[in-house]
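Structural features, examined
These are the residues of each chain, in order.
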Amino acid sequence: MKIKDILAKGQPTLSFEVFPPKTEDKFDSVEAAALAIAQLKPAFMSVTYGAGGGTSRYTVDIASAIMAHGVTPLAHLTCVSSTREKVRQVLDELKARGIENVLALRGDIPADGRVEKDYRYASELIAEIKASGDFCIGAACYPEGHVESENKTADILHLKEKVEAGCDFVTTQMFFDNNILYNYLYRIREQGITVPVIAGIMPVTNAAQIKRICSMSGTYLPSRFKAIVDRFGDNPAAMKQAGIAYATEQIIDLIANRVNGIHIYSMNKPDVAAQIQSSLSEIVR
(Lines give C-alpha, C1' and ligand atoms only; values in the text may rest on other atoms or scores of the structure.)
Protein backbone atom coordinates (compact mmCIF):
# COMPACT_ATOMS: atom_id res chain seq x y z
CA MET A 1 0.00 0.00 0.00
CA LYS A 2 1.21 3.51 -0.74
CA ILE A 3 1.93 5.63 2.32
CA LYS A 4 0.23 8.65 0.76
CA ASP A 5 -3.00 6.62 0.72
CA ILE A 6 -2.55 5.62 4.36
CA LEU A 7 -2.08 9.27 5.35
CA ALA A 8 -5.01 10.41 3.21
CA LYS A 9 -7.41 8.63 5.58
CA GLY A 10 -6.82 11.42 8.10
CA GLN A 11 -6.47 9.08 11.08
CA PRO A 12 -3.62 9.02 13.63
CA THR A 13 -0.88 6.67 12.46
CA LEU A 14 2.11 5.23 14.23
CA SER A 15 5.15 4.02 12.27
CA PHE A 16 8.60 2.82 13.24
CA GLU A 17 12.11 3.03 11.80
CA VAL A 18 14.65 0.22 11.78
CA PHE A 19 18.15 0.04 10.37
CA PRO A 20 19.93 -2.85 8.64
CA PRO A 21 23.08 -4.47 10.06
CA LYS A 22 26.53 -3.18 9.21
CA THR A 23 27.88 -6.70 8.80
CA GLU A 24 26.41 -9.96 7.58
CA ASP A 25 26.88 -11.75 10.91
CA LYS A 26 24.39 -9.32 12.51
CA PHE A 27 21.69 -9.78 9.86
CA ASP A 28 19.65 -12.44 11.67
CA SER A 29 19.45 -10.50 14.93
CA VAL A 30 18.49 -7.27 13.18
CA GLU A 31 15.88 -9.04 11.08
CA ALA A 32 14.44 -10.63 14.23
CA ALA A 33 14.16 -7.20 15.89
CA ALA A 34 12.51 -5.71 12.79
CA LEU A 35 9.99 -8.54 12.59
CA ALA A 36 9.22 -8.22 16.31
CA ILE A 37 8.33 -4.57 15.67
CA ALA A 38 6.33 -5.62 12.59
CA GLN A 39 4.22 -7.83 14.85
CA LEU A 40 2.89 -4.63 16.43
CA LYS A 41 1.21 -3.92 13.05
CA PRO A 42 2.22 -0.27 12.66
CA ALA A 43 0.93 1.82 9.75
CA PHE A 44 4.29 1.28 8.04
CA MET A 45 7.97 0.71 8.82
CA SER A 46 10.94 2.49 7.29
CA VAL A 47 14.30 0.83 6.70
CA THR A 48 17.38 3.05 6.57
CA TYR A 49 20.03 2.87 3.88
CA GLY A 50 23.81 2.77 4.05
CA ALA A 51 25.41 4.25 0.97
CA GLY A 52 28.46 2.85 -0.74
CA GLY A 53 27.89 -0.82 0.10
CA GLY A 54 27.74 -2.32 3.58
CA THR A 55 24.22 -1.93 4.96
CA SER A 56 22.79 -0.75 1.63
CA ARG A 57 22.55 -4.28 0.31
CA TYR A 58 20.45 -5.33 3.30
CA THR A 59 17.86 -2.55 3.07
CA VAL A 60 15.74 -4.28 0.44
CA ASP A 61 15.99 -7.63 2.23
CA ILE A 62 14.72 -6.21 5.53
CA ALA A 63 11.98 -4.25 3.76
CA SER A 64 10.88 -7.41 1.94
CA ALA A 65 10.78 -9.39 5.19
CA ILE A 66 8.62 -6.69 6.79
CA MET A 67 6.23 -6.74 3.83
CA ALA A 68 5.99 -10.55 4.04
CA HIS A 69 4.69 -10.06 7.59
CA GLY A 70 1.88 -7.81 6.42
CA VAL A 71 3.39 -4.38 7.13
CA THR A 72 3.93 -1.69 4.50
CA PRO A 73 7.67 -1.00 4.09
CA LEU A 74 9.34 2.32 3.29
CA ALA A 75 12.83 1.81 1.86
CA HIS A 76 15.33 4.63 2.32
CA LEU A 77 17.54 5.54 -0.63
CA THR A 78 20.42 8.02 -0.47
CA CYS A 79 22.25 9.49 -3.45
CA VAL A 80 25.29 11.57 -2.51
CA SER A 81 27.54 8.50 -2.43
CA SER A 82 25.73 6.61 -5.20
CA THR A 83 25.95 6.70 -8.96
CA ARG A 84 22.91 6.88 -11.20
CA GLU A 85 23.61 3.30 -12.19
CA LYS A 86 23.52 2.16 -8.56
CA VAL A 87 20.30 4.06 -7.89
CA ARG A 88 18.64 2.50 -10.93
CA GLN A 89 19.72 -0.95 -9.78
CA VAL A 90 18.16 -0.39 -6.35
CA LEU A 91 14.94 0.95 -7.88
CA ASP A 92 14.73 -2.05 -10.19
CA GLU A 93 15.14 -4.38 -7.23
CA LEU A 94 12.47 -2.53 -5.25
CA LYS A 95 10.10 -2.91 -8.19
CA ALA A 96 10.88 -6.60 -8.46
CA ARG A 97 10.12 -7.10 -4.78
CA GLY A 98 6.87 -5.13 -4.97
CA ILE A 99 8.12 -2.35 -2.66
CA GLU A 100 6.43 0.87 -3.75
CA ASN A 101 7.43 3.41 -1.07
CA VAL A 102 10.83 5.15 -1.11
CA LEU A 103 12.25 7.80 1.22
CA ALA A 104 14.59 9.83 -0.98
CA LEU A 105 17.54 11.40 0.87
CA ARG A 106 20.71 13.15 -0.13
CA GLY A 107 22.57 11.38 2.66
CA ASP A 108 25.44 12.53 4.86
CA ILE A 109 28.76 13.47 3.36
CA PRO A 110 31.21 10.65 4.24
CA ALA A 111 33.95 11.40 6.73
CA ASP A 112 36.55 11.10 3.99
CA GLY A 113 34.65 13.64 1.89
CA ARG A 114 34.39 11.29 -1.08
CA VAL A 115 31.12 11.67 -2.96
CA GLU A 116 29.90 10.74 -6.40
CA LYS A 117 29.25 13.50 -8.94
CA ASP A 118 25.90 12.27 -10.25
CA TYR A 119 23.80 13.88 -7.50
CA ARG A 120 24.06 16.98 -5.37
CA TYR A 121 20.57 17.33 -3.88
CA ALA A 122 17.72 15.09 -2.78
CA SER A 123 15.44 16.89 -5.24
CA GLU A 124 17.48 15.39 -8.10
CA LEU A 125 17.00 11.91 -6.68
CA ILE A 126 13.27 12.51 -6.20
CA ALA A 127 12.88 13.55 -9.83
CA GLU A 128 14.67 10.42 -10.97
CA ILE A 129 12.52 8.14 -8.79
CA LYS A 130 9.41 9.90 -10.07
CA ALA A 131 10.45 9.15 -13.64
CA SER A 132 11.34 5.55 -12.83
CA GLY A 133 7.94 4.14 -11.99
CA ASP A 134 4.87 4.33 -9.83
CA PHE A 135 6.60 4.93 -6.50
CA CYS A 136 5.23 6.83 -3.52
CA ILE A 137 8.07 9.16 -2.60
CA GLY A 138 8.88 10.61 0.80
CA ALA A 139 11.53 13.16 1.76
CA ALA A 140 13.10 14.55 4.89
CA CYS A 141 12.43 17.96 6.40
CA TYR A 142 14.07 19.88 9.21
CA PRO A 143 11.91 21.95 11.59
CA GLU A 144 15.05 23.48 13.12
CA GLY A 145 16.77 23.90 9.75
CA HIS A 146 19.33 21.60 8.18
CA VAL A 147 22.77 22.06 9.72
CA GLU A 148 24.21 22.91 6.28
CA SER A 149 21.55 25.47 5.31
CA GLU A 150 22.44 29.13 5.56
CA ASN A 151 19.14 29.85 7.32
CA LYS A 152 15.68 28.41 7.91
CA THR A 153 14.12 30.31 5.00
CA ALA A 154 16.62 28.77 2.57
CA ASP A 155 15.95 25.36 4.06
CA ILE A 156 12.20 25.71 3.46
CA LEU A 157 12.87 26.71 -0.14
CA HIS A 158 14.90 23.51 -0.56
CA LEU A 159 11.93 21.59 0.82
CA LYS A 160 9.70 23.25 -1.76
CA GLU A 161 12.10 22.05 -4.47
CA LYS A 162 11.67 18.48 -3.21
CA VAL A 163 7.90 18.78 -3.30
CA GLU A 164 7.95 20.26 -6.78
CA ALA A 165 10.22 17.41 -7.90
CA GLY A 166 7.52 14.94 -6.90
CA CYS A 167 7.64 13.93 -3.23
CA ASP A 168 4.28 12.88 -1.75
CA PHE A 169 4.98 13.36 1.98
CA VAL A 170 7.79 14.46 4.29
CA THR A 171 9.10 13.17 7.59
CA THR A 172 10.77 15.47 10.09
CA GLN A 173 14.08 15.15 11.78
CA MET A 174 13.64 14.43 15.48
CA PHE A 175 12.70 17.32 17.78
CA PHE A 176 11.97 17.59 21.48
CA ASP A 177 9.84 20.74 21.63
CA ASN A 178 6.51 20.46 19.81
CA ASN A 179 6.23 24.22 19.46
CA ILE A 180 9.15 24.07 17.03
CA LEU A 181 7.09 21.82 14.76
CA TYR A 182 3.92 23.90 15.05
CA ASN A 183 5.84 27.03 14.03
CA TYR A 184 7.48 25.15 11.16
CA LEU A 185 4.14 23.87 9.86
CA TYR A 186 2.80 27.41 9.78
CA ARG A 187 5.86 28.62 7.85
CA ILE A 188 5.85 25.86 5.22
CA ARG A 189 2.10 26.19 4.63
CA GLU A 190 2.69 29.89 3.99
CA GLN A 191 5.08 28.81 1.23
CA GLY A 192 2.41 26.64 -0.36
CA ILE A 193 3.83 23.31 0.84
CA THR A 194 0.75 21.22 1.52
CA VAL A 195 2.00 17.61 1.44
CA PRO A 196 1.46 15.59 4.65
CA VAL A 197 4.11 16.08 7.33
CA ILE A 198 4.98 13.12 9.55
CA ALA A 199 6.49 14.03 12.91
CA GLY A 200 9.71 12.17 13.75
CA ILE A 201 10.01 11.33 17.46
CA MET A 202 13.05 9.85 19.17
CA PRO A 203 12.51 8.09 22.52
CA VAL A 204 15.80 8.80 24.27
CA THR A 205 16.53 5.74 26.37
CA ASN A 206 20.11 6.49 27.42
CA ALA A 207 22.17 9.60 28.00
CA ALA A 208 24.72 8.71 25.32
CA GLN A 209 22.04 9.18 22.66
CA ILE A 210 21.72 12.85 23.58
CA LYS A 211 25.42 13.48 23.02
CA ARG A 212 25.22 11.91 19.56
CA ILE A 213 22.04 13.80 18.66
CA CYS A 214 23.44 17.17 19.67
CA SER A 215 26.80 16.61 17.99
CA MET A 216 25.17 15.62 14.69
CA SER A 217 22.20 17.95 14.38
CA GLY A 218 22.33 20.64 17.04
CA THR A 219 18.79 19.78 18.12
CA TYR A 220 17.30 22.15 20.71
CA LEU A 221 16.73 20.51 24.09
CA PRO A 222 14.06 22.17 26.24
CA SER A 223 14.82 22.65 29.93
CA ARG A 224 12.19 20.08 30.88
CA PHE A 225 13.98 17.45 28.82
CA LYS A 226 17.40 18.47 30.12
CA ALA A 227 16.12 18.02 33.67
CA ILE A 228 15.12 14.44 32.85
CA VAL A 229 18.58 13.65 31.50
CA ASP A 230 20.30 15.36 34.43
CA ARG A 231 18.19 13.49 36.97
CA PHE A 232 18.07 10.03 35.39
CA GLY A 233 21.01 9.90 32.96
CA ASP A 234 23.15 7.83 35.33
CA ASN A 235 20.34 5.33 35.98
CA PRO A 236 19.78 3.37 32.74
CA ALA A 237 16.45 1.82 33.75
CA ALA A 238 15.05 5.13 34.98
CA MET A 239 16.34 7.02 31.92
CA LYS A 240 14.71 4.50 29.61
CA GLN A 241 11.37 4.79 31.41
CA ALA A 242 11.52 8.58 31.51
CA GLY A 243 12.59 8.84 27.87
CA ILE A 244 9.69 6.68 26.71
CA ALA A 245 7.27 8.69 28.85
CA TYR A 246 8.56 11.98 27.42
CA ALA A 247 8.21 10.74 23.84
CA THR A 248 4.71 9.43 24.57
CA GLU A 249 3.63 12.80 25.98
CA GLN A 250 5.02 14.51 22.87
CA ILE A 251 2.98 12.19 20.65
CA ILE A 252 -0.24 12.73 22.60
CA ASP A 253 0.16 16.50 22.32
CA LEU A 254 0.90 16.25 18.58
CA ILE A 255 -2.17 14.13 17.86
CA ALA A 256 -4.33 16.40 20.02
CA ASN A 257 -3.18 19.24 17.77
CA ARG A 258 -4.07 17.33 14.57
CA VAL A 259 -0.59 16.16 13.68
CA ASN A 260 -1.72 12.65 12.81
CA GLY A 261 1.40 11.08 11.32
CA ILE A 262 3.89 9.95 13.98
CA HIS A 263 7.15 8.20 13.09
CA ILE A 264 9.21 6.66 15.88
CA TYR A 265 12.98 6.39 15.58
CA SER A 266 12.87 3.12 17.50
CA MET A 267 16.55 2.12 17.06
CA ASN A 268 15.71 -1.58 16.47
CA LYS A 269 14.26 -1.87 19.98
CA PRO A 270 10.98 -3.87 19.96
CA ASP A 271 10.37 -3.30 23.67
CA VAL A 272 10.54 0.49 23.26
CA ALA A 273 8.18 0.36 20.27
CA ALA A 274 5.77 -1.89 22.18
CA GLN A 275 5.69 0.32 25.26
CA ILE A 276 4.91 3.42 23.22
CA GLN A 277 2.23 1.66 21.22
CA SER A 278 0.65 0.27 24.40
CA SER A 279 0.52 3.74 25.95
CA LEU A 280 -1.36 4.99 22.87
CA SER A 281 -3.70 2.03 22.47
CA GLU A 282 -6.89 4.13 22.67
CA ILE A 283 -5.43 7.09 20.75
CA VAL A 284 -3.91 5.33 17.74
CA ARG A 285 -6.07 2.35 16.77
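Here we summarise the structure given alongside this text.

1. Overview of the sheet that holds strand β3 (residues 73–78)
By way of backbone hydrogen bonds, the strands of a sheet pair with one another, either parallel or antiparallel. Taken in spatial order, the eight strands line up as β1-β2-β3-β4-β5-β6-β7-β8 and close into a barrel, and their pairing is parallel. With strand direction ignored, the average angle separating the axes of adjacent strands in the sheet is 30 degrees. The sheet contact formed by strand β7 (residues 197–201) and strand β8 (residues 261–265) spans three bridges and is parallel. Residue pairing in the sheet places Ile201 in a bridge with Ile264 of β8. Running over the sheet, helix α7 (residues 178–190) touches β5 (136–141), β6 (169–172) and β7 and is turned about 155 degrees from β7.

2. Quick word on the pairing of β6
In β6, alternate side chains face the same way, and those of Phe169 and Thr171 on one face and Val170 and Thr172 on the other are all buried. Of the pairings in the sheet, the one linking β5 to β6 comprises four bridges and is parallel in character. Its bridge partner lying in β6, Ala139 is registered against Val170. For the crossover that starts at β5, traverses helix α6 (residues 152–165) and ends in the parallel β6, the hand is right-handed. Where β6 meets β7, two bridges bridge the pair, whose relative direction is parallel. In the strand pairing of β7, Val170 is matched with Val197.

3. Some words on the packing of aromatic side chains
Summed over all chains, the structure comprises three aromatic pairs. Relative to Tyr58, the ring of Phe27 has its centre 5.5 Å away and its plane inclined at 50 degrees; by these criteria the two rings are tilted. Taken together, the positions of Phe27 in helix α2 (residues 27–38) and Tyr58 in helix α3 (residues 56–68) put the pair 31 residues apart, joining distant regions of the chain. The same class applies to Phe27 as to Tyr58, namely buried. With centroids separated by 5.0 Å and ring planes inclined at 65 degrees, the aromatic side chains of Phe225 and Tyr246 adopt a geometry described as edge-to-face. You can see Phe225 sitting in helix α9 (residues 223–232) and its partner Tyr246 sitting in helix α10 (residues 236–256), a full 21 residues away along the chain.

What counts and how
Residues numbered from 1 in each chain as written. Predicted model: local features only at pLDDT ≥ 70, side-chain atom pairs only at ≥ 80, totals over all residues. Heavy atoms only, no water. Pairing = 2+ DSSP bridges. Helix = DSSP H or I, 4+ residues; strand = E, 2+ residues; numbered from the N terminus. Axes fitted to C-alpha atoms, helices over the stretch in contact; angles between N-to-C directions. Contact = heavy atoms within 4.5 Å. Buried < 20%, exposed > 50% of the residue type's maximum accessible area, 1.4 Å probe, protein only. Right-handed = clockwise from strand over helix to strand, strands pointing away. Phe/Tyr/Trp six-rings, centres within 6.5 Å; stacked < 30°, edge-to-face > 60°.

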